[in-house]
Amino acid sequence: MYILNEASKKIKVSLFVTCLVDILFPQVGVSMFKVLKRLGVEVDFPEEQTCCGQPAFNSGFRQDAKVLAKRFLSIFSEDGFIVSPSGSCTTMVRVFYKELFHDDQKMLEMVDLLSTRTYEFSEFLVNVLKVGDVGASYKGKVTYHDSCHALRELRIQDEPRKLIKLVKGVEFIEMKLSDVCCGFGGTFSVKFPDVSVSILDEKIESIIESGADTLVSTDMGCLMQIGGALTRRNIPVKAMHIAELLASGQ
Amino acid sequence: MEDIKVNFEKNSATALKDQNLQRALNNAINQFRNVRSRAVREFEEWEHLRASARKIKEWTIEHLDDYLEMLEANVIKAGGTVHWASDAKEACEIILDIAKKHNVKSVVKSKSMATEEIELNHSLEGAGIKVVETDLGEYIIQLANERPSHIIAPAIHKTRDDISKLFVEKLHTPYYNEPEQLTKIAREKLRSEFLNADMGVSGVNFAVAETGTIVIVENEGNARLTTTVPRVHVALMGIEKVIPRFEDLPTFLNVLIRSATGQKLSTYVSFITGPKRNSDVDGPDEFHLVIMDNGRSKILSHEETRESLYCIRCGACLYICPVYKKVGGHSYGWVYPGPIGAIITPQLLGIDKAPELPFASSLCGACKDVCPVKIDIPKVLLELRSRVISDRRVGAGFLQRFAVKLWRFTMENKRIYNFASQLSYFVQKPWMRHGRLTSLPFPFSRWTKKRDFPAVAKTSFRKQWKEIKDLEG
C-alpha cells in the first residue's frame, strides 16, 4: 500500500537517527525512513551525524557535551525538518541545548533556529504531516509506554496513541501507570542498576497485567531497558519502536 | 553536621532488600498518589495557582533581605523577639539559651524539618532537657530513635505492625494493631507532656512579612497545643519561609495542603502573631522567632539553582518519584529525602558531602510536574551533576575522564565512530546468545546482570542507508 500525501510532497526531512538506533537498532531507522517515504516526504540522512551529546550532558560533562552539540548544530544547519526516532534525543536538541548554551547568546540563536524544526517521529507525523492512518497493519494487542522525555518535556501523549490505534489489526490496550518511568534514565541504569531494575519491575508488571503482546514506545532507551527484561525473563511480549509498528504490513 | 557523608548506593541496596520497607512504601505511596491527584484534579484553578505561587516565590527570594527585615520589625512590633542564626550550631545555641534563661526542664515539639536539620533534640537533651515530639509520626520516630524518612509522613517506612511492636517495646502497652487504638495511646501519653512542658518548639510553614505572623499547618492539633500551652514558644524557620503579604496565604495554603495530604484544607491552620496579649486567655508569655540561614544564602548566590529555595516542603515530589518509592527516605542520608533532598542536601551540606545524590534520579521529570511552586528539579539536578564532575575533591576520577574523552573523540569523527561500531560487532561475539548479550564483563555487567543487552548490528543504519536511499531514489 502506498499513500501519497499531497501536503507532505514538498516537505524535506533530515533523519536524525541517533547513535543508539544507528549502531544497535538500525531497523528502527529503516522503518522510519520507509514510513516517511510512503507519505511522500523527501528524506535525507546527513552522514556526518553521530551523537547529540546527551550522555555527556546528563553525566555532568558539559564541556564535552558542548563540543558534540556544536558539531550537531553544524551538521543539521541546512533547511528542512529534523526528525528523530527518540523523544529523549529530540529533548536534548530542543530543550537541553538551551540549558547548555544559556550564557552564549550566539549559540542560543543557532539553537533556537534549529530547535523549532526538530521533531520526534510520532509528533512529526501527527502534528506536522497531519496524518493518522499511515497504511500499516499489524495483528496484535498493543500497549504503549510513555517515555519520560517525550511525555514530560515535549508533551507528546496523544500522538503516538492516535497512530497506534489507526494501525489495521491492532487492538490497543492502555496499561496502568503507562506514564511512570521504566527506570532507564541513561547512565542511571548502570550507576544504580538495582534501583533501576526495581523500578523496571513495576513497569513489567503493568505490561503483563495489560494482557498486551506488544509493547510500543518512542525511545530505544526505554525499549532497551524494558525489552532487556522481557527477554531475560522469557515474557512473551515484544518490545517495538513505534516506527517499526507503523512500517509493518506492507 | 561535618561528619555526614551520604552513601546512596549502600543505603539504597539495604532499602531494596528490606521487604517490610518495600511493602510499607508501596502501600502508602500508591494510596497517596490517588488522593493527591484527586485533590488537584477537582480544583480547576490548579495550574493558575501554581503559577501564582511560583511568581510570589520568585519575587520574594529576589527581595529576600527586604522581606526578612520587614518580618523582623513586625514580629517585634507584635511583642515577639527575633534571633538570627547563621548556621545549625548558632541556632541550637540560641534555642538552648532561651531554654536556660527560663529554667526549662521539658520541651514539647511540633513537626519541623528545620529542627531536624539542626539536630535540636540532640542539643537540648545534651543539656539535660527532656524533649518530646508530639506529631504522631515524629513521636513514633522518636520512640524508634530514628530519623524521619518523609517530609510530611515521617514514619512512612513503618508498617502498622512495626508501630504496634514498637509501642509494646517502648511504652509497655499490650499489642494493639488498630490505628485508632495506637493513636489513643499516643494521645494519652502526650497530653500530660503538653501540660508539663515549659517550652514549645515549632517550625514555620509561612512567615508573613507585613504582619509578623507565622503560619503553621497541621492535622493533629499538636502544633496548636505546642504553641499555646507552654510558657515560652520558640519557632524556627529557614530564611526562605518568608512571604510578603497576608493575602498571599490563600495561594500558598491551597497549593501546600492539596500537594501535601490531598486535603482541601488541613484540620488546623494556626496564625500566630507575637505572644499572649493581655486580653488573651491562652498563649505563651514569650514568643521567639529564630531565623536561620544554614547554607541557604549560599544557594541564593547561585542563579542556576536558586529555585531550590522556593520549596514549601509539601512532599509531593517524594510521593511521585519512582526512585523514592523504591529506596525510601533514609537512603538519601540526611533530613531531606527524595527529589527535593537530592537537590538541597548537596547544596546545604556541600557538594562533597553528597556527590551521589544529584545522580540518584532517572530524570523522569514527574517531580517537576507535581511541584506546587514549579521547581524544575531535573534541571537543578543536571546543573549539580556538572558541579560534582568539576569538583576537585569528589569529581570525576582519571579513568572516568579518560573514558568520556575517548567516547567524545569517537563521536567527533565519523570514521572512528564507524570503526568503533564495527569493532564492537566483532568483539561482542563471545557473549552473544540468540542475538543478545546476556552476561558481559564488568563494567557492562552492571547492565547484563538483570537485563539482556542488544547486540551491535552487523550493518549499521548508515551502511544500510546507501542501499535504501538508492532503492527509493
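Rules used in this analysis
Residues numbered from 1 in each chain as written. Chains lettered and ligands numbered in written order. Predicted model: local features only at pLDDT ≥ 70, side-chain atom pairs only at ≥ 80, totals over all residues. Helix = DSSP H or I, 4+ residues; strand = E, 2+ residues; numbered from the N terminus. Rg over C-alpha atoms; globule rule 2.2 N^0.38 Å. Buried ≥ 20, exposed ≤ 12 C-beta atoms within 10 Å, placed from the backbone. Contact = placed C-beta atoms within 7 Å. Axes fitted to C-alpha atoms, helices over the stretch in contact; angles between N-to-C directions. Left-handed = near helix turned anticlockwise from the far one by under 90°. Nonpolar A, V, L, I, M, F, W, Y, C, P; charged D, E, K, R; others polar. Expected span 1.5 Å × (residues − 1). Pairing = 2+ DSSP bridges. Domains from an automatic or database assignment. Arc of directions from axis to C-beta.

Caption draft 1: Spotlight on the overall build of chain A. Counting its regular elements, chain A contains 13 helices and eight strands. Computed over its C-alpha atoms, the radius of gyration of chain A comes to 18 Å, within 12% of the 18 Å expected for a compact globule of 250 residues. Along the first, second and third principal axes, the C-alpha atoms of chain A reach 50 × 50 × 25 Å. Counting over 250 residues, chain A shows a buried share of 58%. Contacts in chain A between residues at least 24 apart in sequence constitute 78% of all its contacts with a sequence separation of at least 6.

Caption draft 2: How the structure looks around the overall build of chain B. When helices and strands are counted, chain B shows 22 helices and 13 strands. Its C-alpha atoms give chain B principal-axis dimensions of roughly 90 × 55 × 45 Å. Per-residue burial for chain B yields a buried fraction of 48% across its 473 residues. Looking at chain B alone, contacts between residues at least 24 apart form 73% of all its contacts between residues at least 6 apart.

Caption draft 3: Representation of the packing of helix α11 (residues 193-210) of chain A against helix α1 (residues 8-17) of chain B. The N-to-C vectors of α11(A) and α1(B) enclose an angle of 35°; their axes lie 9 Å apart at closest approach. As α11(A) runs across α1(B), the sense of the crossing is left-handed. Facing α11(A), whose interface residues are A:Asp194, A:Val195 and A:Ser198, α1(B) presents B:Ser12, B:Ala13 and B:Leu16. Here the residues of the contact of α11(A) with α1(B) sort into three nonpolar, two polar and one charged.

Caption draft 4: Seen up close, helix α2 (residues 19-41) of chain B. All names here are of chain B. Taking 1.5 Å of rise per residue, 23 residues should cover 33 Å, and α2 covers 33 Å from first to last C-alpha, within 8% of that figure. Turning to α2, its buried residues number three or more, namely Leu21, Ala24, Leu25, Ile29, Phe32 and Arg36. In the core, the buried residues of α2 are packed alongside α1, α12 (249-261), α14 (316-320) and α15 (322-327).

Caption draft 5: Here's a closer look at the sheet that holds strand β11 (residues 432-433) of chain B. Residues and elements named next belong to chain B. Here we have three strands laid out as an open sheet, ordered β11-β12-β13, and antiparallel in their pairing. The outermost strands of the open sheet, each flanked by one partner alone, are β11 and β13 (453-454). Inspection of the sheet shows β11 paired to strand β12 (residues 436-437) by two bridges, in the antiparallel sense. Counterpart to Met432 in the pairing with β12 is Leu437.

Caption draft 6: The arrangement of the domain arrangement of chain A in detail. Residues and elements named next belong to chain A. With domains assigned, chain A is organised as domain 1 (6-126) and domain 2 (133-247). When each unit is reduced to the centre of its C-alpha atoms, the spacing between domain 1 and domain 2 is 22 Å. Of all the elements in the fold, those that place two or more residues in the side of domain 1 that touches domain 2 are α1 (19-23), α2 (26-38), α3 (54-58), α5 (87-100) and α7 (121-128). A breakdown of the residues in the side of domain 1 that touches domain 2 according to their chemical character gives 13 nonpolar, 10 polar and four charged.

Caption draft 7: How the structure looks around the environment of B:Gly274. Residues and elements named next belong to chain B. Mapping Gly274 onto the fold places it in the loop between β9 (268-272) and β10 (286-292). Between the C-alpha atom of Gly274 and that of Glu218, which follows or precedes it by 56 residues, the distance is 19 Å. Those residues in contact with Gly274, other than ones at most four positions away along the chain, are Val75, Ala78, Gly79, Gly80, Gly212 and Phe287.

Caption draft 8: Highlighting unusual backbone geometry. Residues B:Phe442 and B:Pro443 are joined by a peptide bond in cis, for which omega reads 0°. Within the secondary structure layout, B:Pro443 lies in the loop between β12 and α21 (445-448). Residue A:Thr18 is not a glycine yet carries a positive backbone phi of 75°. Along the chain, A:Thr18 falls in the loop between β1 (12-15) and α1. Accessibility expressed as a C-beta count within 10 Å gives 28 for A:Thr18, which makes it buried. Positive phi values are uncommon outside glycine, yet B:Lys374 reaches one of about 55°.

Caption draft 9: Quick look at the environment of B:Ile312. Residue and element names in this part refer to chain B. Within the secondary structure, Ile312 sits in the loop between α13 (296-300) and α14. The class of Ile312 is buried, set by 23 C-beta atoms lying within 10 Å. Sequence separation between Ile312 and Ala260 is 52 residues; the distance between their C-alpha atoms is 9.8 Å. Among all residues touching Ile312, those that are not within four sequence positions of it are Phe252, Leu256, Pro372 and Val373.

Caption draft 10: How the structure looks around helix α20 (residues 414-427) of chain B. Under the 1.5 Å per step criterion, the end-to-end length of α20(B) is 20 Å for 14 residues, consistent within 8% with the ideal 20 Å. For α20(B), the set of buried residues is B:Tyr417, B:Ala420 and B:Ser421. Projected down its long axis, α20(B) shows its buried positions confined to an angular sector of 95°, all on one face. Opposite the buried face of α20(B), by more than 90 degrees, sit the exposed residues B:Arg415, B:Phe419, B:Leu423 and B:Phe426. In the core, the buried residues of α20(B) are packed alongside α1 of chain A together with α19 (398-412) of chain B.

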